[in-house]
Structure formats: structure tokens, C-alpha cells
Amino acid sequence: MNDILLKIEDLHASVGDKEILKGINLEIRQGEIHAVMGPNGAGKSTLSAVLAGKPQFQVTSGKITFMGEDLLAMSPEQRSWAGIFLSFQYPVEIPGVSITNFMKTAVNCRREAQGLEPMKAGEFLKLMNEKMNFVKMKTEFAKRDVNVGFSGGEKKRNEIFQMAMLDPVLSILDETDSGLDVDALRIVASGVNALHTPQKASIVITHYQRLLEYIVPDVVHILKDGKIIKTAGRELVAQIEEKGYESFSNE
Amino acid sequence: MSENHKIYIIGKDTLPERVSVEAGQSLNLTMVVLPGVSCDESLQVELVGQGASVDIGGLYLCQDNERVRLSVDLVHKVGSCRSDQLFKGVVGGSAKAEFSGKITVVQDAQKTQAFQNSHSLLLGESATAQTSPQLEIYADDVQCSHGATVGKLDEDEQFYMRSRGITLTQARFLQVISFVAPVMERIPQGELKDSLMTLIEDAVSKLI
């Protein structure tokens, strides 16, 4: 068996007084693609936010281990340096900060943390161009402010571009399919597939079957009311589509 | 953008108390208050000839227990002139900053265009910023507007940046620099602008 990348044990998390995750257990190994499906309000986005370290969520109990390290002890930026990437459901607009400046800062912050010199300007621009082409993003976007005035599809493409730039070990795609037309969905999915290697893993969080036709999961989980109530192979996707989430209850 | 743009660094350069702008002339200036300076500065500007034009930028960066007060009293004395003011303040520590901007458009000053915007960013829990715009318009065919905001750094932006590996300090730096950028964009390219930008970047690194 391949090495375990991520292990979540009895994870409870809240926003304010409201408990949203009520005991999550999950184990992800190298090379695996996991789908987390579930109805609205099940806690899917909370799970992704907690993995990325969003300060507004409090982990009240449980443990997350990423590549042998205690993930909960790390800041969001340390998690990124360790190889975690979250593709946001609603990518944030940052007026006044260009994509180039944003990515340059991101790449060089990581290099600094690793004790490396900043990347040379020429090398950086070459990398940007290469990764923008990879997600079929026009290079003019490099000068634009991060996500400002982008369409839904452009924002998601920008997420996958950033993922390609940072080359994460574990990618978490939070509702990456929402707001995408079929063409944009194909570009995004083929980007994700092309970045996948036997050493890496992905968590695909989605509501619908649609994205999973393009990114084929190895393991499928149903998250409902803050708990994973069923885990099975990819055949589960068709069952959900057929019967709906209603038919699955805590086993 | 005019070639004769002037930059006044308060505490180092002396801001004129009163400026009259004649027909067809233009006044372009940026006043800057860097950390380490407490001040109470006022500028009076009169547009006295048709076609006169005024662009004023203001930037104040305050820390610790500094007190910064800037006021501009601008009078459109004749018609067909324009004025545009943009002030941005970054207030940290327990500093107090105040901007007061008064625009008067006299009765016969038709076809006046007068704009004023003042925005401040509070970095510390005990920092305060106050902005008091005042418009007195006696002419009826004018285009005037003012806007004022006081805000804090956006946490969703910070989390987004940190999730890409940008440290919290760098994220805050990018946020503050992008906040002050619109004032810097009004300054023509050149050595003066570059050296001011360096001063501001140094000041911002210390403020955050």
C-alpha cells in the first residue's frame, strides 16, 4: 500500500457556537483521488476550510496529520509550503494586486521558508507563461488584479493556474464545478488530471456527479450533517445520482 | 498628468498655506505624512481663473500615539474649473488621524467640477481616523461629489493569500500598498516618485 498522506481523526469543528463537523475520520494515500459529496450545509466547505487553516473556524477536538506532521499546529501559509492547496469555491478578489505580483510573492515566500533565494525574474516569467498556457489562460491576465472582474470560469481557471504554479502534494477542490459551463469544466478537469501523479492526492468536493465524469475518483464519501456516513468506490456516484442523498443515512 | 507635480513631505518640506490658481493653470501636488511625524497642516486653494485645474493627493501613515491632522479648504471662485482630491490614510498603533476637506463653490461658478475622496485604513484596535467632508455649493450647474470610508484589512483576502503561501506579514504589506496605490498613481513617473515609493514601502513594512 502507498503511504498515507492525510489522516483525519474524529475531527470536530465549529463556527462561533455552531458545531459543523461532528467527528470526521478520513485517510488519504498517495495517488488517490477522493470525492466528498453531500447535500448543502453538510459541512463540505467547512472541511476544506479547516484543512487549509481558515482562522474563522475553530477545531474543538480531533487530529489531522499531513505527511506525518501535525497539520493543526501549522499556519495557513505553512500548510501551503508543506504542499496543501485549496481551490476556493468563491475565489477572493484582491483589488490593486496583480496576478504576477501575487504569484511572485507566493513563490518567493515559500522559497524563503525553504531557505532559497528568490526566483530570478526571467525564470519566474517563463514559469508563469507556461502554467497560464497550461490552463488556456490568456497571458494578459498576468497584469490584471487577482480575480477582479473575472467571470466564474476565469476565476476557476485562475485557481488551477495557481495550483499548477505551486505544484501541491494534496489538492482540495471545493466545488470547483460550480458556475462553470461544459468547456470551462473540461479545461479545469484536464488541468487537475494532468497535475495528478502517483505521489499526489486530491480531494474533490462536489454536489453533483458532473465533475466526477471528468475527474474520476478512487474513493467516494458522503458527508451529511457533519459526518461521513458512507464510503465506497466510484460506483457510489451513480447510486447518489439515482437515489439522492435522502436515501443514505448514518450507518 | 502635469510635469510640474510637487511632492511635499511634511516635516521636511513646507506646504504653502495658500495657493491661487489662475486661468488655464494647473496645480498638482501630493502631500505625504510619514510615520514619526505629528502635524496639523492646512492648505487653502482658490481657483480664480476659468479653466483652472487642481489635483491634490494626500497620504498619511501614522503609528504609535501620533496625531495627524490635515485640512484642505478649496474655493471655486469662478466657473469652468475642476478640482480633484484623493486622500488615503493608514493609521496604526493608537494614532489619531483626521482629514477635513471643505469645498466651496460660489454662486457664479457654474460648470464647476469638484471631487473629493478620503479613505482610511485602521491597522490597530486603538487607532482612530476621522474624516469630515464639507461641501458648500451655491451654484446650480455643477458636478460635485465626495466619498469617505474608514475600514480595516480584509480577512478573506488575507486567508486567500496565506493559502497560497504568502505570509501574513507579506499579505498585509500587499494590502496596504494596494490601498495607497491610487494616490501614487497620480504622481508622474520619475525619480521623485521612485524615491517616494521606497520611503512608503519602508514605512509600511514598519507599520504592519
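Not measured: the values here are computed from a predicted model.

Chemist: Even after reading the chapter, I still don't get the pattern of salt bridges, so can you show me in this structure?
Modeler: Counted by the stated rule, this structure contains 21 salt bridges over all chains. Across the pair Glu130(A) and Lys131(A) runs a salt bridge, and its minimum N-O distance is 3.5 Å. Classification of Glu130(A) as partly exposed rests on a relative accessible area of 45%. The class of Lys131(A) is buried, set by a relative accessible area of 18%. Shared partners join several salt bridges into a network, and the residues in it are Asp55(B), Arg82(B), Asp84(B) and Arg186(B).

Chemist: I would appreciate a short explanation of helix α3 (residues 99-113) of chain A in the present structure.
Modeler: An α-helical turn contains 3.6 residues, so any two residues separated by three or four positions project in the same direction. When the terminal C-alpha atoms of α3(A) are compared, their 21 Å separation across 15 residues agrees well with the 21 Å that a helix rising 1.5 Å per residue should span. Trailing α3(A) by a residue or two, Gly115(A) shows a phi angle of about 75°, which is positive.

Chemist: I would appreciate a short explanation of the environment of Gly53(A) in the present structure.
Modeler: Of note, Gly53(A) is situated in the loop between α1 (44-52) and β4 (58-66). Separated by 99 residues in the primary sequence, Gly53(A) and Gly152(A) place their C-alpha atoms 24 Å from one another. Excluding anything up to four places from it in sequence, Gly53(A) contacts Pro76(A), Arg79(A) and Phe159(B).

Chemist: Got a minute to help me understand the interface of chain A and chain B in this structure?
Modeler: Bring the parts together and some accessible area is lost; that lost area is often taken as the interface size. At the junction of the two partners, chain A supplies 34 residues and chain B supplies 16 residues. Where chain A packs against chain B, one counts three salt bridges. For Lys54(A), the salt bridge is made with Asp156(B), and the minimal N-O distance between the two is 3.7 Å. Looking at the side of chain A that touches chain B, the elements that each hand over two or more residues are α1, α2 (76-82), β6 (84-87), β7 (94-98), α3 and α5 (152-166) of chain A. Of the residues forming the side of chain A that touches chain B, the biggest block, six residues, is contributed by α3(A).

Chemist: So what exactly am I meant to see when it comes to the side chain of Arg164(B) here?
Modeler: By the element assignment, Arg164(B) lies in the loop between α1 (155-162) and α2 (168-184). Judged by relative accessible area, which is 0%, Arg164(B) ranks as buried. Setting aside residues up to four positions removed in sequence, Arg164(B) forms contacts with Ser80(A), Phe85(A), Leu86(A), Ser87(A), Phe88(A), Phe102(A), Ala106(A), Glu159(A), Gln162(A) and Leu166(A).

Chemist: Is there a simple way to explain unusual backbone geometry in this structure?
Modeler: A negative phi angle characterises most non-glycine residues, just as the trans form characterises most peptide bonds. Not every positive phi belongs to a glycine, and Asp10(A) is a case in point at roughly 45°. You can see Asp10(A) is positioned in strand β1 (residues 4-15). Owing to a relative accessible area of 40%, Asp10(A) belongs among the partly exposed residues under this scheme. Phi angles above zero are rare outside glycine, and Ser80(B) is one such case at about 55°. Mapping Ser80(B) onto the fold places it in the loop between β6 (67-76) and β7 (82-91). Judged by relative accessible area, which is 36%, Ser80(B) ranks as partly exposed.

The rules we used
Residues numbered from 1 in each chain as written. Chains lettered and ligands numbered in written order. Predicted model: local features only at pLDDT ≥ 70, side-chain atom pairs only at ≥ 80, totals over all residues. Heavy atoms only, no water. Salt bridge = Lys/Arg side-chain N within 4 Å of Asp/Glu carboxyl O. Buried < 20%, exposed > 50% of the residue type's maximum accessible area, 1.4 Å probe, protein only. Helix = DSSP H or I, 4+ residues; strand = E, 2+ residues; numbered from the N terminus. Expected span 1.5 Å × (residues − 1). Contact = heavy atoms within 4.5 Å.

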